[in-house]
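In case you want the letters, here they are:
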Amino acid sequence: MRWRDATPPRPWWPWVPTAWLRLWSASTKWSILAQILVAHHALNIQRAYLLYELGRLRGDHNSEFAVARLYLNEASSEKHAEAETILRSLATRGHPHAQQLLGRRYASDPEKQSAAIDLFVTAAKNGVTSGWIEAGRLLLASDQYDAANAHFQSAVNAGDPAGHHALAISAQKRGSSPDDIVAHTMRAAEAGVPEAQHNLGTMYLNGYGGSGTAALKKDPKKAERWFAVAASRYPPAAFNLALLAKARGDAKAARRGLEKCAQVPGKLGQEARSELADLDRRESSSGGGEQATRLRTEQSFGCRIQ
């Protein structure tokens, strides 16, 4: 199937009445009103659902996309199938976010990964620059480094600093020069990519790059600063920041950070709860005295690409 670029469609038949054209252009108001309702209160989701459906029936592509997303949130396999039908229709009509979301649906199926890459690339060309990153990740997973790096570089060229982070991860996986890894990580971190900020903090925490020209000497203070910058947007950084506080005996700061991390699903949340339990044991046995001085670094450089 050929995915269209987001070129504006030609007007319908020239004899369509002007009033109808005005009604068509006003259809986007349904999706805008639905967004306002949901932003006002989460309980308005059912009302928003109805408004999105109305917008969809009147030809609003954004409402149609919103309905597909709502269908995907439901447990029904029938709704999921209907959502994919809507997404395929939107993708062929040049809706970039539908192209990206459909690509994500296809990415988990080995038989559809080629189609997923095509969808991501088309979405990227239509303005969703993260599509370059997602296409590159799929290629990187199968060790197609040159093709992956070409997509990551396209993201950089399009102004997305996450491309530098992806290039650093690719270089690290490929065993490239530490100079390249550090350079790309620094560019991404300084541009505000939280995963790169976390990785830069880990580099400073342990020291990185040996004796090369771009080597980073071990500097726990700089590590803590980078973890702090990333902590609000990237839970692994908040986790390491809490462990640093625990290591220096700041039980209040450690507990505050660990309690937030404990709400994160998966392994990170489990480890945060384990650290909290350890903190409780130490406080009860020592009366709130000296805390543990070891720091876990399972969330180390290169452990995630996001």
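Small disclaimer: the values here were computed from a predicted structure and weren't measured.

Digging into the overall build of the chain
At step 1: Scanning the chain from terminus to terminus reveals 16 helices and zero strands.
At step 2: Across the 306 residues that make up the chain, the buried fraction comes to 42%.
At step 3: Sequence-distant contacts in the chain: of pairs separated by 6 or more residues, those separated by 24 or more amount to 51%.
At step 4: Accessible area for the chain stands at about 16700 Å²; split by element, carbon and sulfur atoms hold 53% of it.

Focus: the nonpolar core
At step 1: Core analysis: the largest hydrophobic core is formed by 36 residues, its most contacted members being Leu87 and Phe152.
At step 2: Contributing elements (two or more residues each) for this core: helix 4 (61-72), helix 5 (77-92), helix 6 (96-107), helix 7 (113-125), helix 8 (130-141), helix 9 (145-157) and helix 10 (162-174).
At step 3: Apart from residues no more than four positions distant in its own chain, Leu87 is found in contact with Phe65, Ala68, Leu72, Ala98, Leu101 and Leu102.
At step 4: With 18 residues, the next largest nonpolar core counts Ala171, Ala196, Tyr204 and Ala237 among its residues.

Some thoughts on helix 4
At step 1: In this model, helix 4 (12 residues) spans 17 Å end to end at C-alpha, consistent with the 16 Å of a helix rising 1.5 Å per residue.
At step 2: In terms of burial, helix 4 is largely enclosed, as nine of its 12 residues are buried.
At step 3: Within helix 4 the residues assigned to the buried category are Ser63, Glu64, Phe65, Ala66, Val67, Ala68, Leu70, Tyr71 and Leu72.

Observations concerning the environment of Tyr204
At step 1: Its place among the elements puts Tyr204 in helix 12 (residues 194-206).
At step 2: Distance in space between the C-alpha atoms of Tyr204 and Lys222 is 6.4 Å, their sequence separation being 18 residues.
At step 3: Each residue touching Tyr204, except ones within four places of it in the same chain, is listed here: Met186, Leu216, Lys217, Lys218, Asp219, Pro220, Lys222, Ala223 and Trp226.

Some details on helix 8
At step 1: Under the 1.5 Å per step criterion, the end-to-end length of helix 8 is 17 Å for 12 residues, consistent within 8% with the ideal 16 Å.
At step 2: Of all 12 residues that make up helix 8, nine are buried, and the element is covered over most of its length.
At step 3: Gly131, Trp132, Ile133, Glu134, Ala135, Gly136, Leu138, Leu139 and Leu140 are the residues of helix 8 that are buried.
At step 4: Residues of helix 8 that are buried sit in contact with helix 6, helix 7, helix 9 and helix 10.

Reading guide: rules and limits
Residues numbered from 1 in each chain as written. Predicted model: local features only at pLDDT ≥ 70, side-chain atom pairs only at ≥ 80, totals over all residues. Heavy atoms only, no water. Helix = DSSP H or I, 4+ residues; strand = E, 2+ residues; numbered from the N terminus. Buried < 20%, exposed > 50% of the residue type's maximum accessible area, 1.4 Å probe, protein only. Contact = heavy atoms within 4.5 Å. Areas by Shrake-Rupley, 256 points an atom, 1.4 Å probe, with all protein chains shown as cover. Core = buried A, V, L, I, M, F, W, Y, C linked by side-chain atoms within 4.5 Å. Expected span 1.5 Å × (residues − 1).

Honestly, that's just the spatial picture; any functional story needs more than this.
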